Amino acid sequence: MTQHAPGASSAADASGDVAVVEGVEVDTRHWIGGRRVSSATTFDDLSPIDESVIARVHAGGADEVNLAVTAARAAFPAWAALPVAERSAILRRVADGVEARVEELSRVETRDNGSLIRSHRRGVMPRVAMNFRFFADYAEEQLGHPDMEVRGHRERVTYDPAGVVAIITPWNAPLMLATWRIGPALAAGNTVVLKPPEWAPLTASLLADIMAEAGVPDGVFNVVQGLGADAGAPLTAHPGLSRLAFTGSVPTASLVAAAAARNVVPLSFELGGKSPYVVFGDADLDLAVDLAVEQFDNAGPGCLKAARMLVHSSLVEEFTERVVAKASRLTQGDPRDDDTDVAALIHRRQFDQMVGFVERAKADGARVLLGGGPNADLGGLYFQPTIIVDAPPGSEILTEEVFGPITTIESFDSEEEAVALANDTRFGLAATLATGNPDRAERVSAALDAGTVWVNCFFVRDLGAPFGGNGRSGIGREGGIWSFDFYTDIKNSVFSPTGWKE
Ligand code: NAD
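Parameters and conventions
Residue numbers run consecutively from 1 along every chain, following the written order of its sequence. Local features in this predicted model are restricted to residues of pLDDT 70 or higher, and side-chain atom pairs are both shown and tallied only at a pLDDT of 80 or more, whereas totals for entire chains, interfaces and linings draw on every residue. Each side-chain value is worked out from all heavy atoms of the structure, with water and hydrogens disregarded. With a 1.4 Å probe rolled over the protein chains alone, any residue whose accessible area is under 20% of its type maximum counts as buried; one over 50% counts as exposed, and the rest are partly exposed. Strands are runs of DSSP state E lasting at least two residues, helices are runs of H or I lasting at least four, and both sets are numbered from the N terminus onward. An arc is given here, and it is the one of the directions from the helix axis to the C-beta atoms. We call two residues contacting when some pair of their heavy atoms lies within 4.5 Å. Any N or O atom pair separated by 3.5 Å or less is treated as a polar contact, with the protein-specific requirement of one donor-capable and one acceptor-capable atom, and with residues adjacent in sequence counted only for side-chain atom pairs. Start and end points for every domain follow an automatic or database-based domain assignment. Buried area is a sum: the accessible area each of two parts loses on coming together, probed at 1.4 Å, counted once for each and added. Residue classes follow a fixed rule: Ala, Val, Leu, Ile, Met, Phe, Trp, Tyr, Cys and Pro count as nonpolar, while Asp, Glu, Lys and Arg count as charged, and any other residue, Gly among them, counts as polar. As a rule, the C-alpha atoms of each element are fitted with a line to give its axis, helices using only the stretch in contact, and angles between N-to-C directions run from 0 to 180 degrees. Comment on the angle field: the value is read as roughly parallel under 35 degrees, roughly antiparallel over 145, roughly perpendicular from 65 to 115, and oblique elsewhere. We call a residue near a given molecule or strand whenever any one of its heavy atoms falls within 4 Å of it. Accessible surface is estimated by sampling points in the Shrake-Rupley manner with a 1.4 Å probe; for residues, cover comes only from the protein chains shown. Criterion for a salt bridge: a side-chain nitrogen of Lys or Arg within 4 Å of a carboxyl oxygen of Asp or Glu. We treat two strands as partners when DSSP finds at least two bridges between them. Nonpolar cores are built from buried Ala, Val, Leu, Ile, Met, Phe, Trp, Tyr and Cys residues. Side-chain atoms within 4.5 Å join them into one set.

Visitor: Teacher, can you tell me more about helix α14 (residues 438-447) here?
Guide: It helps to recall that an α-helix has 3.6 residues per turn; residues three or four apart then point in one direction. Listed in full, the buried residues belonging to α14 are Arg 440, Ala 441 and Val 444. Along the long axis of α14, the arc covered by the buried residues comes to 100°, so they all point the same way. Away from its buried face by more than 90 degrees, α14 exposes Pro 438, Asp 439, Glu 442 and Ala 446. Each element contacted by the buried residues of α14 is listed here: α13 (415-422), β22 (430-434) and β23 (452-455). Backbone nitrogen of Asp 439 and a side-chain oxygen of the N-cap are separated by 2.9 Å at the start of α14; the cap is Asn 437.

Quick look at the structure:
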């Protein structure tokens, strides 16, 4: 495997309220009611690239959460009352602000969560801007439905803003996953309190700067930094919320659901996955191999990524050989280098989890065909892309979410067996198939138990399409009109044809 040694720590001034990360000033305090708010304590924010402390971030708790929800509630009536076109115009300015700062946002996100700078520059950050621009446009098109005539009565459906939306996000794509909720929530007239991930908290603070510059009124968007148990938990339990959108793991989701249940707050959950990638004997093998190796991009973690490759027995040997050969040519190293394909894992805890998964898989009788451990040349948190075969049915590596650069390969003999294996999971986020047969593509995509099915492609998703997971992978759908279904109180007003004075 080609390697790039991680560079020396970038200029990171971890003192005071402002950290300088990759040359970009990042305020490490909360953003509440249009001003920066401090806490008495901070937590260390480490970079996966070299495990150095790049910022000391203010650690919020129940007080800061209360302040933020109160500010968001105070700002709600005026923001909700703005004509949609005015709100949308402000959100388009937020999109402009993101576009103007793609380079800074990319540099900070890469340093903070270790994902590839090349994908931030080309894809992720432009998509962050789209999360605002798309929903600004979409709100103008969709929020005023034409009246319906029902048995002589006129019925008007209105999408009323719900109130304060709490948004809690994970570390693997912090700004992208936050804004994909913030965009529609604000466009629909809600106000927002965001709790970013403690392992990658910095771009949320830059977003607050962009919001302020774009003229988003004070209190409409708020950020409370902090640890999950200290800042996340009080936010989920706050009685002032009208909606709660959570992206993260299943165990945390259970806690969040229990807390929100006390106030009967509607939830949208985007959770883990154990997504299958099914390769049929009639697939274009070059394409199938490319899609397989794409799963190792970054350092592997991605909720949608194919964790289980299921390959027809006629092809499995050649497919495995080619995937191992191609994956072993990937370049692992510093994600700030444009030609790096695979970076480091986010945190020592996640790294140790990967080591544990491989050890237990081997103890269960599985074989490691590629990787299987730390990249000895790079050290730190660099874990090699790993391919595991011969894992016994029902074993941990085939059933639990790994969320790292580890994938398994299994084989099947018939379409029925492939579907049964693919659906043999508690999760149901996504599934990918490679086949040259359009009829089979229709049949199998219909039979798969997943929120998204990709056929001969991966990761293609329009913001107007629904997104979410079945089973343990989530609750609800967002995207397009489904976002507005969640972030609004939908009202039907029925006007009788009789009883009018004039
Ligand atoms: P996590 O559940 O540990 O943390 C997610 C967020 O919840 C963080 O901001 C954390 O601070 C907060 N949190 C922790 N404890 C809390 C509590 N008691 N109350 C409220 N908030 C709390 O998840 P993670 O390790 O950051 O992220 C990885 C997980 O996210 C994986 O399971 C992955 O599949 C999932 N994920 C899902 C999607 C999707 O779209 N379905 C996208 C990305 C990641």
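Visitor: Before we go on, may I ask you to explain the domain arrangement of the protein in this structure?
Guide: Interface size, as often reported, equals the accessible area lost upon joining of the parts. Domain boundaries in the protein define domain 1 (18-271 + 474-489) and domain 2 (275-455). The partner domain 2 presents 27 residues to the 22 residues of domain 1 that form the contact. Interface area, domain 1 with domain 2, both sides summed: about 2000 Å², of which 58% is carbon and sulfur. On the domain 1 side of the interface with domain 2, the three residues burying the most area are Leu 116, Arg 118 and Trp 199, jointly 29% of the side's total. Remark: the boundary between domain 1 and domain 2 carries eight residue pairs in polar contact (both at pLDDT 80 or more). Contributing elements (two or more residues each) for the side of domain 1 that touches domain 2: α3 (102-113) and α4 (117-142). Tallying contributions element by element places α4 first for the side of domain 1 that touches domain 2, with five residues. Considering only residue class, the side of domain 1 that touches domain 2 consists of eight nonpolar, six polar and eight charged.

Visitor: How do you make sense of the packing of α4 against helix α15 (residues 480-487) when you look at a structure like this?
Guide: Two quantities define a packed helix pair, namely the angle between the helix axes and the distance between the axes. Running from N to C, α4 and α15 cross one another at 80°; their axes reach a closest spacing of 10 Å. By the angle between their directions, the pair α4 and α15 is classed as roughly perpendicular. Contacts from Phe 134, Phe 135, Tyr 138, Ala 139 and Gln 142 of α4 reach α15 at Gly 480, Ile 481, Ser 483 and Phe 484. Taken together, the residues of the contact of α4 with α15 sort by class into six nonpolar, three polar and no charged.

Visitor: How should the environment of Leu 177 be read in this particular structure?
Guide: Here Leu 177 shows up in helix α5 (residues 174-187). Given the relative accessible area of 14%, Leu 177 is considered buried. Distance from Leu 177 to Asn 437, taken between C-alpha atoms, is 34 Å for residues 260 residues apart in sequence. Aside from chain neighbours lying at most four places away, what touches Leu 177 is Thr 169, Pro 170, Asn 172 and Thr 247.

Visitor: Sorry, what's going on with the site of the ligand here?
Guide: In the neighbourhood of the ligand, 29 residues make up the surrounding shell, with Lys 195, Glu 198, Ser 249, Thr 252 and Glu 401 lying closest. Between an oxygen atom of the ligand and a side-chain N or O atom of Ser 249, the distance comes to 2.7 Å. With respect to the ligand, the side chain of Glu 270 contributes an N or O atom lying 3.4 Å from an oxygen atom. Burial of the ligand by the surrounding chains reaches 89%, relative to a free accessible area of 850 Å².

Visitor: What should I look at first to understand the pattern of salt bridges in this one?
Guide: Throughout the structure, instances matching the rule amount to 34 salt bridges. One salt bridge in this structure joins Asp 147 and Arg 154, with 3.0 Å as the shortest N-O distance. Of the residues examined, Arg 154 reaches a relative accessible area of 30% and is grouped as partly exposed. Beyond isolated ion pairs, a larger network of salt bridges with shared partners links Asp 17, Asp 27, Arg 29, Arg 36 and Asp 209.

Visitor: Looking at this structure, how should I read the sheet that holds strand β9 (residues 153-161)?
Guide: In sheet architecture, strand pairing relies on hydrogen bonds along the backbone and comes in two forms, parallel and antiparallel. One open sheet accounts for three strands, arranged β8-β9-β26; its pairing is antiparallel. Single-partner strands in this sheet number two, and they are β8 (148-150) and β26 (488-495). Neighbour to neighbour, the strand axes of the sheet diverge by 35° on average, direction disregarded. Here α15 sits on the sheet in contact with β9 and β26, set at roughly 85° to β26.

Visitor: Would you mind going over the sheet that holds strand β20 (residues 406-412) with me for this structure?
Guide: The sheet built from seven strands is open, its strands ordered β18-β19-β20-β16-β15-β22-β23 with mixed pairing. Where the open sheet ends on each side, the last strands, each with one partner, are β18 (367-370) and β23. Taking each pair of neighbouring strands and ignoring which way they run, the sheet shows an average axis angle of 25°. Two elements, strand β19 (residues 386-389) and β20, share four bridges in a ladder whose sense is parallel. Bridged to Ile 387 within β20 is Thr 407.

Visitor: Got a minute to help me understand the nonpolar core in this structure?
Guide: In globular proteins that are soluble, nonpolar side chains generally tend to be buried together. If you look at the biggest cluster of nonpolar residues, it comprises 95 residues, and the most contacted ones within it are Ile 182, Met 211, Phe 221, Tyr 277, Val 279, Phe 319 and Phe 484. For this core, the element with the most residues is α4, which contributes nine residues. A domain split of this core shows at least three residues from each of domain 1 (18-271 + 474-489) and domain 2 (275-455). The contact partners of Met 211, leaving out residues within four places of it in the chain, are Val 94, Phe 132, Ile 182, Leu 186, Val 216 and Phe 221. Counting 25 residues, the second largest nonpolar core, distinct from the first, contains Ala 71, Ala 72, Val 193 and Phe 269.

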